[in-house]
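Below are the chains, spelled out letter by letter.
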Amino acid sequence: MAGELAAGRGLPKPAAEQFLQALALAPDAKLAARATELALAAKDSELAQRAAHTWLAAQPDSLEAREVLIRLALVRADTQQAFEQSRAIIDRHPGGIDDGFHLVALLLAQNLSDADTALALIGRLAAAYSHASSAWRAQALVALHFKRYRDAESAAQHALQLEPDSVDAGMMLTAARVQLGDLAGADAAVRTLAQGARAHDVQLAYARLLLSADHSEHARGVLQRVLSRSPRDEDARFMLALLELSENHLDAAQRQFSQLHQSDAHGQEAEYYLGRIAELQRQPQMALQHYRRVTAGAKALDASLRRALVLGQLGRVDQARTIFDQLDEQYPPLAAHFAAAEAQMLLGAKRPTDAAQVLEQALQQSPDDPELLYGRALAYEKLGRVADAESDLHRIVGHDPNDAQALNALGYMMTIHGGDYAQAREFIEKANLLSPNDPAIMDSLGWVIYRQGDADTAVGWLRKAYALQPEAEIATHLGKALGALGDVAGAQRVLKQALARDPGNAQLREALDQLRK
């Protein structure tokens, strides 16, 4: 009773001590587990260790107690204790040695940041059970977690020598070789696995591994081969469609998603992505048709938001705002996110005053929300309140100095409004370190360098940004920088290409006119 009273008052350490005193008189596994939980909450490792040992004494088969003891042993670098408790889990797991090794591997992956210690411990365990395929699979799993791919490859090969039909070991071997860039070796491993009953699952898992390692062309080949054998394979087609979309192959992605829109498994998602493709192809009415059909599933909320944004682009602002009102009623915890999206829609509809008002109201409830502050900064800039806009961005950076988006926006805003170029460049360079290969940040960096008078260096950054994201603003910056270097023909070529994609863009036309003068 005294222990629970202490726990109820928010005093976990005294509560745990009270429980341990009671346990000295009458051992009880549930009470010992509660004492352990409270000691861990109090962050008292010595007390937690005592409680866990008391728990284990009352319930020798408790895997949970041994898990706690392993975690505590790893914290104090007692690898012998961790080894002994790990062996006990392996030997006593009700699911057998295979499940025991899998649990230990997960514990080491979750509770150690030191790869060498984790691999040494799992290696010692594997040596103690060298006859068991699961021991080597566990070692491969830990090695994969810590990105020790050569170690993972070797352990997986040991597992396969003991159990040639093990799909898990074969996939670990495949994963290691994919990460090592040995695609021929990965193909060979998959060919062996694909002869079994799980051939379809193996091929799809292989495609996912390839995609996660950015071997997209190889993944495309795998998926296309699956579809050539099984044209109705909806999972493979969906993966291929997402791959095509991620690489901006809009026509190819559209063909694949169009074959899925009546699918039970992927139909709703396919409709959503067809809407996104229609937006990218500047077909807003078509996008709206697709979004309206997304009525359930993981993409239903996103589809409603996209529909509101498209309505705003079409000038149907009142209809868009009605959708946001409905979303607020349905999902109150997401009110801040909806306010930021509504403000984005209003800014796109050239109503910055309304956008600022929406964000100011939302910030009364969530004063430090970075998404709301970022949106208000954009609205204030449109209203000519540059100092207020920069203040909001400084506020975001003050809370999170590593917010790359806010750092970039602040540096770019200072650049285009004639602020301190040196300070602006510092902000943008930090953003680039935090988020390399982001075309928006590369564009900002190129533009601030251009404003500092170094057009030659600026062109290098702007070319990189334009190659990744050939949009109007980046094209304008690149054209002006090329023009400053005297490459008028190159500047005109970039601007004309961009204008062909976006014929109504006034910014591009103005930049071209300036080159002709």
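A quick note: this is a predicted structure, and the numbers were derived from the prediction, not measured.

What counts and what doesn't
- Residues numbered from 1 in each chain as written.
- Predicted model: local features only at pLDDT ≥ 70, side-chain atom pairs only at ≥ 80, totals over all residues.
- Heavy atoms only, no water.
- Helix = DSSP H or I, 4+ residues; strand = E, 2+ residues; numbered from the N terminus.
- Buried < 20%, exposed > 50% of the residue type's maximum accessible area, 1.4 Å probe, protein only.
- Contact = heavy atoms within 4.5 Å.
- Areas by Shrake-Rupley, 256 points an atom, 1.4 Å probe, with all protein chains shown as cover.
- Lys, Arg positive; Asp, Glu negative; His and termini not counted.
- Charge placed at Lys NZ, Arg CZ, Asp CG, Glu CD.
- Expected span 1.5 Å × (residues − 1).
- Phe/Tyr/Trp six-rings, centres within 6.5 Å; stacked < 30°, edge-to-face > 60°.
- Axes fitted to C-alpha atoms, helices over the stretch in contact; angles between N-to-C directions.
- Parallel < 35°, antiparallel > 145°, perpendicular 65-115°, else oblique.
- Left-handed = near helix turned anticlockwise from the far one by under 90°.
- Nonpolar A, V, L, I, M, F, W, Y, C, P; charged D, E, K, R; others polar.
- Polar contact = N/O pair within 3.5 Å; in protein donor to acceptor, adjacent residues only side chain to side chain.
- Salt bridge = Lys/Arg side-chain N within 4 Å of Asp/Glu carboxyl O.
- Core = buried A, V, L, I, M, F, W, Y, C linked by side-chain atoms within 4.5 Å.
- pLDDT = per-residue confidence, 0-100.
- Patch = residues over 30% accessible without salt bridge, like charges linked within 9 Å, V, L, I, M, F, W, Y side chains within 5 Å.

This next bit is on the overall build of the protein. Along the backbone of the protein there are 31 helices and 0 strands. Taken along its principal axes, the extent of the C-alpha atoms in the protein is 90 × 60 × 50 Å. Looking at the protein as a whole, 48% of its 517 residues are labelled buried. Within the protein, contacts between residues separated by at least 24 positions form 46% of all contacts whose residues are at least 6 apart in sequence. In the structure as shown, the protein presents an accessible area of about 25600 Å², 48% of it carried by carbon and sulfur atoms. Between the mean site of the 53 positive side-chain charges and the mean site of the 66 negative ones, the protein shows a separation of 4 Å.

A few words on helix α21 (residues 335-348). Under the 1.5 Å per step criterion, the end-to-end length of α21 is 20 Å for 14 residues, consistent within 8% with the ideal 20 Å. Burial analysis of α21 places 10 of its 14 residues in the buried class, the great majority of the element. Looking only at α21, the buried set comprises Ala336, Phe338, Ala339, Ala340, Ala341, Glu342, Ala343, Met345, Leu346 and Leu347. Phi for Lys350, located one or two positions after α21, is positive at around 60°.

With that out of the way, let us pick up the packing of aromatic side chains. Per the counting criterion, the structure on display carries 8 aromatic pairs. Taking 6.4 Å as the distance between ring centres and 55° as the angle between the ring planes, the aromatic pair formed by Phe238 and Tyr273 counts as tilted. Taken as a pair, Phe238 in helix α15 (residues 234-246) and Tyr273 in helix α17 (residues 267-280) lie far apart in primary sequence, 35 residues in all. For the pair Phe238 and Tyr273, one class covers both residues: buried. Judged by centre distance (5.2 Å) and plane angle (15°), the ring pair of Phe257 and Tyr273 falls under stacked. Separated by 16 residues along the polypeptide, Phe257 in helix α16 (residues 250-258) and Tyr273 in helix α17 bring together distant segments of the chain.

This part covers the environment of Pro14. Note on placement: Pro14 falls in helix α2 (residues 12-25). With 478 residues separating them in the primary sequence, Pro14 and Gln492 have C-alpha atoms 76 Å apart.

Moving on, we get to unusual backbone geometry. Even without being a glycine, Asn248 presents a positive backbone phi close to 65°. Overall, Asn248 belongs to the exposed group, its relative accessible area being 52%. Backbone geometry at Arg282 places phi at a positive 60°, although glycine is not the residue there.

Take the packing of helix α12 (residues 183-193) against helix α13 (residues 199-212) next. Between α12 and α13, the shortest axis-to-axis distance is 10 Å and the interhelical angle comes to 160°. One finds that α12 runs roughly antiparallel with respect to α13. Judged by the twist between their axes, the crossing of α12 over α13 is right-handed. Residues Leu183, Ala186, Asp187, Val190 and Leu193 of α12 pack against Val202, Gln203, Tyr206 and Leu210 of α13. A per-class count over the contact of α12 with α13 returns 7 nonpolar, 1 polar and 1 charged.

Time to look at helix α23 (residues 370-382). Its 13 residues give α23 an end-to-end C-alpha distance of 19 Å, which sits within 8% of 18 Å, the value for a rise of 1.5 Å per residue. Within α23, the full set of buried residues consists of Leu372, Leu373, Tyr374, Gly375, Arg376, Ala377, Ala379 and Tyr380. The inward-facing, buried residues of α23 abut α21, α22 (352-365), α24 (386-399) and α25 (404-416). For α23, the N-terminal cap is Asp369; the gap from its side-chain oxygen to the backbone nitrogen of Glu371 is 2.9 Å. Downstream of α23 by one or two residues, Gly384 has phi in the positive range, about 85°.

Enumeration according to the criterion identifies 21 salt bridges in this entry. The shortest N-O distance in the salt bridge between Asp388 and Arg385 comes to 2.9 Å. Owing to a relative accessible area of 34%, Asp388 belongs among the partly exposed residues under this scheme. Looking at Arg385, the relative accessible area reads 35%, which means it is partly exposed.

Okay, the side chain of Thr415 next. Tracing the backbone shows Thr415 in helix α25. Looking at Thr415, the relative accessible area reads 0%, which means it is buried. Other than its neighbours up to four places away in sequence, Thr415 contacts Tyr421, Ala424, Ile428, Trp447, Val448 and Arg451.

With that out of the way, let us pick up the nonpolar core. By size, the foremost hydrophobic cluster in this structure holds 89 residues, and its most contacted members are Phe257, Leu372 and Leu393. Here this core gets 9 residues from one element, more than from any other, and that element is α21. For Phe257, the contacting residues outside a window of four places in its chain are Phe238, Ala241, Leu242, Leu245, Ala270, Tyr273, Leu274 and Ile277.

Where α21 meets α23, the axes come as close as 9 Å, and the angle between the chain directions of the two elements is 20°. As far as their axial angle goes, α23 and α21 are roughly parallel. Seen along the crossing, α21 lies across α23 with a hand that is left-handed. Touching Ala336, His337, Ala339, Ala340 and Leu347 of α21 are Glu371, Leu372, Gly375, Leu378, Ala379 and Lys382, all from α23. Class assignment for the residues of the contact of α21 with α23 results in 7 nonpolar, 2 polar and 2 charged.

A word on the confidence of the model for the protein. Across the protein, the average pLDDT comes to 91, with 96% of residues at 70 or higher. In this model residues 1-10 is a low-confidence stretch, pLDDT under 50, and it forms 12 contacts with partners more than four residues away in sequence or in other chains.

A few words now on the side chain of Asp403. Tracing the chain through its elements places Asp403 in the loop between α24 and α25. Buried charge without a salt bridge: Asp403, with Lys430 as the nearest opposite-charge side chain at an N-O distance of 10 Å. At 3.2 Å, the side chain of Asp403 forms a polar contact with the backbone nitrogen of Gln405.

Let us look at a negative patch on the surface. There is a patch of like negative charges on the surface, built from Asp201, Glu234, Asp235 and Asp264. Relative to the helices and strands, Glu234 resides in helix α15.

Next up on the list: the environment of Leu20. With respect to the helices and strands, Leu20 occurs in helix α2. A relative accessible area of 10% means that Leu20 is categorised as buried. For the pair Leu20 and Thr36, spaced 16 residues apart in sequence, the C-alpha to C-alpha distance is 9.3 Å. Sequence-distant contacts of Leu20, defined by excluding residues within four places in its chain, comprise Leu47, Arg50, Ala51 and Thr54.

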